[in-house]
Amino acid sequence: MSRALPKYNKRRVVVIGAAAALALSGAVVVNSALAGESSKSSGSTNAKTLASPGTISCPDVASQLPAIPASAQAEVDRNLALLQTQIAEANKRLVDTVGQGGANFVQNAILGPLEGKRVSTIDRIAISIGRQGTKPQGLDALAPCALDAGGVADTGEEAGDDAAAGDEAEATPGAEETAAEGADGGAAETGDDTGADAAGVGTISCPDVASQLPEIPATAQAEVDRNLALLQTQIDEANTRLQNTVGQGGANFVQNAILGPLADKRVSTIDRIAISIGRKGTKPQGLDALAACTLNK
């Protein structure tokens with residue numbers, strides 16, 4: 001009995017030692033796995049940080065406005081808020097479309113449309129002030145925005161991460177641009193489509209505006225003609241853009257970067273036509289329904 005006890009104890013020590021070794025090995029394996037996951041997760045976070053597309057910043061409009069008539073204050077405030085919404089939406093689109101399109105995708109699909117949208121909104125601000133006071137001039141210079149690649153915006157209308165509804169708009173040409181008016185007898189307005197057809201991308205056509213107008217007061221004729229010509233210029237530019245951006249962007253590129261922006265431009269131009277007629281006559285209603293255009297292939 002006294003001799004067997006040491007052997008038993010020795011065997012016990014060996015078994016316990018082996019179990020401890022196994023437990024220690026398992027702990028090492030688990031810790032290594034967890035360390036690997038942590039490293040992998042950290043690497044993923046760093047990759048996301050490095051892939052940050054930056055932010056869009058735009059010139060502040062509010063600080064450049066003259067005294068605002070009380071009767072125009074609400075409309076001005078509404079459009080100033082819309083400018084902020086537009087930037088927020090552009091920043092969201094910037095994040096959502098990282099890696100899409102070619103080298104000019106951000107300019108063509110985000111910055112250009114944002115500029116056009118701002119032109120329309122800023123123009124509405126100027127018109128609302130001008131109804132009861134002196135219409136401010138030169139505000140269109142505040143429309144272009146820039147991409148801060150470092151991710152820091154530094155102007156009064158910086159956008160955060162919030163997004164709001166709104167269409168992307170393309171840069172609006174100057175009001176002095178002219179082109180031949182292409183409407184006759186209620187036919188759809190079409191641009192110079194030769195190049196677009198040759199490229200096989202189709203052409204853009206829009207509802208005719210001239211045929212839907214009421215009698216135009218003589219004092220408004222020149223301004224109406226100028227804006228009708230501008231509508232045609234906008235279509236010609238959209239068709240050129242259609243041809244020059246073949247293959248860019250995703251499935252909704254044409255709608256987001258060309259047709260949507262064109263509709264936005266036309267809303268603003270058609271609105272100016274209605275306002276000019278309304279100054280000396282009855283302002284026509286419902287013309288905004290003529291703003292949307294389509295792609296004919």
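Now for a quick tour of the structure. (Residues numbered from 1 in each chain as written. Predicted model: local features only at pLDDT ≥ 70, side-chain atom pairs only at ≥ 80, totals over all residues. Heavy atoms only, no water.)

Moving on to the overall build of the chain. Counting its regular elements, the chain contains 6 helices and 5 strands. For the chain, the succession of helices and strands along the chain, N to C, is α-β-α-α-β-β-α-β-α-α-β. Burial status across the chain gives 37% buried among its 297 residues. Summarising the internal contacts of the chain: among those between residues at least 6 apart in sequence, 82% fall at separations of at least 24. Carbon and sulfur atoms form 54% of the exposed surface of the chain, whose accessible area is close to 15,900 Å². (Helix = DSSP H or I, 4+ residues; strand = E, 2+ residues; numbered from the N terminus. Buried < 20%, exposed > 50% of the residue type's maximum accessible area, 1.4 Å probe, protein only. Contact = heavy atoms within 4.5 Å. Areas by Shrake-Rupley, 256 points an atom, 1.4 Å probe, with all protein chains shown as cover.)

The next thing to look at is the side chain of T245. With respect to the secondary-structure elements, T245 resides in the loop between α5 (221-244) and α6 (253-278). From its side chain, T245 meets the backbone oxygen of R241 in a polar contact 2.7 Å long. Beyond its immediate chain neighbours, meaning those up to four positions away, T245 contacts N108, F253 and I258. (Polar contact = N/O pair within 3.5 Å; in protein donor to acceptor, adjacent residues only side chain to side chain.)

Glancing now at the environment of K135. Structurally, K135 can be placed in the loop between α3 (105-130) and β2 (146-148). When its relative accessible area of 36% is taken as the criterion, K135 is described as partly exposed. Residues K135 and D123, 12 residues apart in the sequence, show an inter-C-alpha distance of 9.9 Å. Dropping the residues within four chain positions of it, K135 is found in contact with D123, A126, I127 and G130.

Time to look at the pairing of strand β4 (residues 203-206). Neither face of β4 is open: one carries T203 and S205, the other I204 and C206, and all of them are buried. Sheet topology note: the β4/strand β5 (residues 294-296) ladder contains 3 bridges and is antiparallel. Each bridged residue has a counterpart across the sheet, and for S205 the counterpart in β5 is T294. (Pairing = 2+ DSSP bridges.)

What follows covers the nonpolar core. With 23 residues, the main nonpolar core has I56 and I204 as its most contacted residues. Among the elements of the structure, α2 (73-96), α3, β4, α5 and α6 are those that each provide at least two residues to this core. By size, the runner-up hydrophobic cluster in this structure holds 14 residues, among which are A72, I122, L142 and A143. (Core = buried A, V, L, I, M, F, W, Y, C linked by side-chain atoms within 4.5 Å.)

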